[in-house]
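# An overview of the molecular structure
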Protein chains: 2
Amino acid sequence: MPSYTAPTKDMQFVLHDLLKISQSDIPGYSELEADFTAAILEEAGKITSEVLAPLNVVGDTEGCVLENGVVRTPTGFQEAFDQVRDGGWTALDMPEDFGGQGLPYVMGTAVGEMFSSANQAFTMYQGLTHGAASAILAHGSDDQKAAYLPKMVSCEWTGTMNLTEPHCGTDLGLMRTKAVPQDDGSYKISGQKIFISAGEHEMSSNIIHLVLAKIPGGPDGIKGVSLFIVPKFILNDDGTPGARNGVSCGKIEEKMGIHGNSTCVMNYDEATGYLLGEAHKGMRAMFTMMNEARLGVGMQGLAQAEAAYQNAVIYAKDRLQGRAVTGVENPDGPADPLIVHPDIRRNLMDQKSFIEGARAFMLWGAMMIDQSHRQNDKAADGLISLLTPVIKGFLTDQGYDMTVQAQQVYGGHGYIEEWGMSQFTRDARIAMIYEGANGVQALDLVGRKLAADGGKHVMAFFELVKNFIKDNDGNEALKQDFLNPLKAASKDLQAAGMYFMQNGMKNPNHALSGSYDFMHLFGHVCLGLMWAQMAKAATEALDAGASDTSFYETKIATGRYYMARRLPATAMHLARINSGADTVMALDAANF
Amino acid sequence: MPSYTAPTKDMQFVLHDLLKISQSDIPGYSELEADFTAAILEEAGKITSEVLAPLNVVGDTEGCVLENGVVRTPTGFQEAFDQVRDGGWTALDMPEDFGGQGLPYVMGTAVGEMFSSANQAFTMYQGLTHGAASAILAHGSDDQKAAYLPKMVSCEWTGTMNLTEPHCGTDLGLMRTKAVPQDDGSYKISGQKIFISAGEHEMSSNIIHLVLAKIPGGPDGIKGVSLFIVPKFILNDDGTPGARNGVSCGKIEEKMGIHGNSTCVMNYDEATGYLLGEAHKGMRAMFTMMNEARLGVGMQGLAQAEAAYQNAVIYAKDRLQGRAVTGVENPDGPADPLIVHPDIRRNLMDQKSFIEGARAFMLWGAMMIDQSHRQNDKAADGLISLLTPVIKGFLTDQGYDMTVQAQQVYGGHGYIEEWGMSQFTRDARIAMIYEGANGVQALDLVGRKLAADGGKHVMAFFELVKNFIKDNDGNEALKQDFLNPLKAASKDLQAAGMYFMQNGMKNPNHALSGSYDFMHLFGHVCLGLMWAQMAKAATEALDAGASDTSFYETKIATGRYYMARRLPATAMHLARINSGADTVMALDAANF
């Protein structure tokens, strides 16, 4: 069975050596000294590796079962959920007013990675609750906040997001679920929603569904969509869960992975709902959840890759097979360990260099969320808004590929469920799909975010890269291996943006045919930037006489690998983008 | 539930427009007129789409069950197997002397693709039999051939390959299974073999296991391995199955996919076995099976991609979601079909251009097998030997990626087992692993095949590309879109080979660190060559006044896509290769 060890040390490196969080003027950051964050990360590491990780295979094997309207979660999930709740892990970055611990988002993100690595299906129960609570926090009335948030922050009640219907996922304007106004100000919600993660279960005493629906007589399409709070148990006047609402789970889907999470068909049959935010402005409110959820899903890509990688390394060191081509390395054994072989190294270095780069990218992104929320920093808000589809799309695509590579290290055993490597791949697969399939992320990036605010945010990104290169121009240790490749990759990204500007106006297909490649090109440049910055930070630590030289030297060596071996993908993506829409759109639909 | 329609027309294009098989002087090819091959392909298309494809999901859902030593295959498999046998489909390219139809390997390959697309797990029962029969054909005594081949050719008896043991897969020198000589010339085989596909089942009246084992006292390591025939039921003097042999299935593995195939742990307990070929020359005999099996596995990559693609296209045309960015295309519907969107097009074109290129590559490879077997053509034999790891590794990696892309077209429904897209991905995953994991293919390619016979075969490949470009130099229709990109890609491949020559001698790690990229680079050049040749063939057909202009024009347009969008990957692979081993091998094992 796979194991999981929280990468505390690497997170500390990113938080303190790279982002230097405790020196930041973001409110709440000054208390994030290395000792303090270490204590949190160590504790989170303990519960995730000792309690959640051992339940990962259990969740996959048992799945969730619907019997007589009741959903049974896998053995041990309830106890673990109680433990997570008792430890206050669900409330880390929620406001203290509602029982949270008020820590910055960056800490929630670091801890969140551990939870997702250890047990993605389990973590979704609290993750969706977090998203739903955030939407109520942002758009709810004071009464709604008071009624729902304390219980949701503690995860005594969980939450869900209800968007998709059988005939519409991405195109929510086609939605049929309706919300009929009642005399008392509430609504009667009727319709069917599908793919509702954590839609029904017994681990919490209430489930607060956030449901998109149309109020009859409202505008057509997406502009007529409103958001509603629909509790599983309608609250009594004293705030306790009361009568069962008209919402039920019709079916649990059989999925490729995340079996431990109950993915439900939810039937709303004149269920009582309460408008959240303004009527017909439901998409705006939902986007509060979705943007956060997209970052969280990007993190899942990284998190599954990390978990799979750890086990691939263990296997590569244990399994004796063949001899090193440069001479026997394990003369006392019948063969050398897999890890001596160059192609196994390539495989593992792909994973390691992706994971550490992605972790830095993710935590940098989380820091921008804090700048946006805690300092009302418009520049940070604009930049993270631009980068959100990159984090979601690039990290989940690459994260998935890395789980496939990790599985490959195991040879035939990687295909056998008993070894647990298949689960990482199967679980990671969903992250490329939900919260907006990655093609939709690419569309969001190129069709919306790139030109937002006159293209100001992407220009800011280029400035940032340019300034980093310029500021370190005299740094010979960085120049050849880091700055030059970064400059080349960034030039490819700029050229791609230029191609879109020059050709997308004439025919938007020229831009959209290259959107997916652009998302990946952008992701590589971001990771290249992270690696250049991390190499600098590691060099500075070494120069300052850090005792753990091997950690910092490994960091620099891993960065060199990324720059030499992964970053050259940018030229390929640019070539594809520059070929335009003609070959993409050439065929009549009938000729596919 | 997914459907499957055999791509008969495209196969006919490859066989007749591209390869012009009936004009070849390979013995047996002159009878392969278009009418004749069409008749075979139409019939194969019928049984695969009507009988095997509907059982694909059944096999995945039910899997195989071991009860009291008996393996139960999924509902309908036995009846379908009988039907396949009765139709003579198992014997298409086996010699007439043993009851086969004596058709060339190229026809077996075309039909084999259909079988694998329709139901990979099912097809493996006959596929492994074919491999085992080939080994007996090549290395068996006349008595052995007479005793086993007629029944195996008809699949009245099935066959297996037993290589892997729990502690060794790639490194078979570590093998522990032993074969003790008996006075009557037979051997007693004892040991445990794992991952034995079709190892035990009731669909055939006997199972002929080919088992690698060591005769005590023989040479150490791989040089002490011999190959044995171990029938499930020992033959009576009259050749009928008699006493149960000491071989049994200890367990059926729970796998990520190909659930319909029984993957067994096989226990040999003093089982009676008969030496096949020479003692201690077992690996040589086994390679007869493995080379054929590797081509067959490469084909599975293509075949799963084809099946997944067909369903992705259906969904992309059916599912209404969003509006075309260039203007509404389905004004009477609530939304436009997915296929209007450029990124969906990109996704589908990736698949289509891979599949058709891979099909041509596969069938060209099969033609070389025929040249080798039927004409003793050493050049063809050398070239297909070089290309075998490329076909296996590149086609299965890319084929898998394409099933993932096809799944992506379905959005959330792609993750739900009910829709069947997950199965294509899960089934395709194994092809990257078995018959030599793809890293081992890359090692075989770079460490062995490239330099074989003084590098003569790779030089021949380059000559072939160069001559094609030169011979068509005046063809302006081809030049810009096909010949120039092919030339550039081929130059990348040559540069990579040069890098290996110049650096691999000093340190083999410089070559082996780039082996995986080289395999993909090579694969792209092969598909680029196929597309250039197909574009030429299609142009000629149009010039000759072919009636189905839309088919040929689509072929050319699809080729343009590959050259513009897929082939640029070669430069990335070259850049990675040229970065050498330093970043790959930099870390101490402890620092992973």
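Scroll up to find the structure.
Here's a quick rundown of the structure. (Residues numbered from 1 in each chain as written. Chains lettered and ligands numbered in written order. Predicted model: local features only at pLDDT ≥ 70, side-chain atom pairs only at ≥ 80, totals over all residues. Heavy atoms only, no water.)

What follows covers the overall build of chain A. Regarding its fold elements, chain A presents 18 helices and 11 strands. Here chain A has a C-alpha radius of gyration of 24 Å; the compact-globule value for 592 residues is 25 Å, and the two agree. Oriented by its inertia axes, the alpha-carbon framework of chain A measures out at about 80 × 60 × 55 Å. Within chain A, the proportion of its 592 residues that are buried is 65%. Put simply, of all contacts in chain A between residues at least 6 apart along the chain, 74% involve residues at least 24 apart. Of the roughly 20,200 Å² of accessible surface on chain A, a fraction of 50% belongs to carbon and sulfur atoms. Here chain A contributes 47 positively and 69 negatively charged side chains, and the mean placements of these two sets differ by 6 Å. (Helix = DSSP H or I, 4+ residues; strand = E, 2+ residues; numbered from the N terminus. Rg over C-alpha atoms; globule rule 2.2 N^0.38 Å. Buried < 20%, exposed > 50% of the residue type's maximum accessible area, 1.4 Å probe, protein only. Contact = heavy atoms within 4.5 Å. Areas by Shrake-Rupley, 256 points an atom, 1.4 Å probe, with all protein chains shown as cover. Lys, Arg positive; Asp, Glu negative; His and termini not counted. Charge placed at Lys NZ, Arg CZ, Asp CG, Glu CD.)

Moving on, we come to the relation of the copies chain B and chain A. In summary, the two copies of the chain are related to each other by a rotation about an axis coupled with a shift along it. When chain B is fitted to chain A, the best match, at an RMSD of 0.0 Å, comes from turning it 180 degrees and sliding it 0.0 Å along the axis. With respect to symmetry, the two chain copies, as superposed, fit the operation of a two-fold axis. Across chain B, the smallest distance between a C-alpha and the rotation axis is recorded for B:Met572, namely 3.2 Å. Interface overlap between copies is the fraction of interface residues in one copy that are interface residues in the other; for chain B against chain A it reaches 100%, indicating a shared surface. (Least-squares fit on C-alpha atoms with pLDDT ≥ 70 in both.)

Residues and elements named next belong to chain A. With respect to the helices and strands, Gly-528 occurs in helix α16 (residues 515–543). Given a relative accessible area of 0%, Gly-528 falls into the buried group. In this structure, the C-alpha to C-alpha distance between Gly-528 and Ser-24, residues 504 residues apart in sequence, is 23 Å. Dropping the residues within four chain positions of it, Gly-528 is found in contact with Leu-486, Tyr-562, Met-563 and Leu-567.

Here the focus is the interface of chain B and chain A. Tallying the contact residues gives 94 residues for chain B and 94 residues for chain A. Of the roughly 7,700 Å² buried at the junction of chain B and chain A (both faces included), carbon and sulfur atoms supply 60%. If you sort the residues of chain B by the area they bury against chain A, B:Tyr415, B:Arg565 and B:Phe592 come out on top, with a joint share of 13%. Where chain B packs against chain A, one counts 53 residue pairs in polar contact (both at pLDDT 80 or more). Top element by residues in the side of chain B that touches chain A is helix α17 (residues 549–566) of chain B. It accounts for 9 residues. (Buried area = accessible area lost by both parts, 1.4 Å probe. Polar contact = N/O pair within 3.5 Å; in protein donor to acceptor, adjacent residues only side chain to side chain.)

Its 14 residues place the ends of helix α5 (residues 105–118) of chain B 20 Å apart at the C-alpha level, agreeing with the 20 Å of an ideal helix rising 1.5 Å per residue. Of all 14 residues that make up α5(B), 14 are buried, and the element is covered over most of its length. (Expected span 1.5 Å × (residues − 1).)

To continue, consider the packing of helix α2 (residues 34–52) of chain B against α5(B). Residues and elements named next belong to chain B. For the pair α2 and α5, the least separation of the axes is 9 Å and the interaxial angle reads 15 degrees. Taken together, α2 and α5 sit at an angle that is classed as roughly parallel. Helix-helix and strand crossings are classified by hand; for α2 and α5 the assignment is right-handed. Where α2 approaches α5, its residues Thr-37, Ile-40, Leu-41, Ala-44, Gly-45, Ile-47, Thr-48 and Leu-52 are matched on the opposing element by Met-107, Ala-110, Val-111, Met-114, Phe-115 and Ala-118. A breakdown of the residues in the contact of α2 with α5 according to their chemical character gives 11 nonpolar, 3 polar and no charged. (Axes fitted to C-alpha atoms, helices over the stretch in contact; angles between N-to-C directions. Parallel < 35°, antiparallel > 145°, perpendicular 65-115°, else oblique. Left-handed = near helix turned anticlockwise from the far one by under 90°. Nonpolar A, V, L, I, M, F, W, Y, C, P; charged D, E, K, R; others polar.)

Moving on to the side chain of A:Gln407. Inspection of the secondary structure puts A:Gln407 in helix α10 (residues 378–409). Owing to a relative accessible area of 0%, A:Gln407 belongs among the buried residues under this scheme. A distance of 3.1 Å separates a polar side-chain atom of A:Gln407 from the backbone oxygen of A:Gly414. Among the polar contacts made by the side chain of A:Gln407, one reaches the side chain of A:Thr425 at a distance of 3.2 Å. Here A:Gln407 is in contact with A:Gly414, A:Tyr415, A:Met421, A:Ser422, A:Thr425, B:Met256 and B:Arg429, once residues within four sequence places are set aside.

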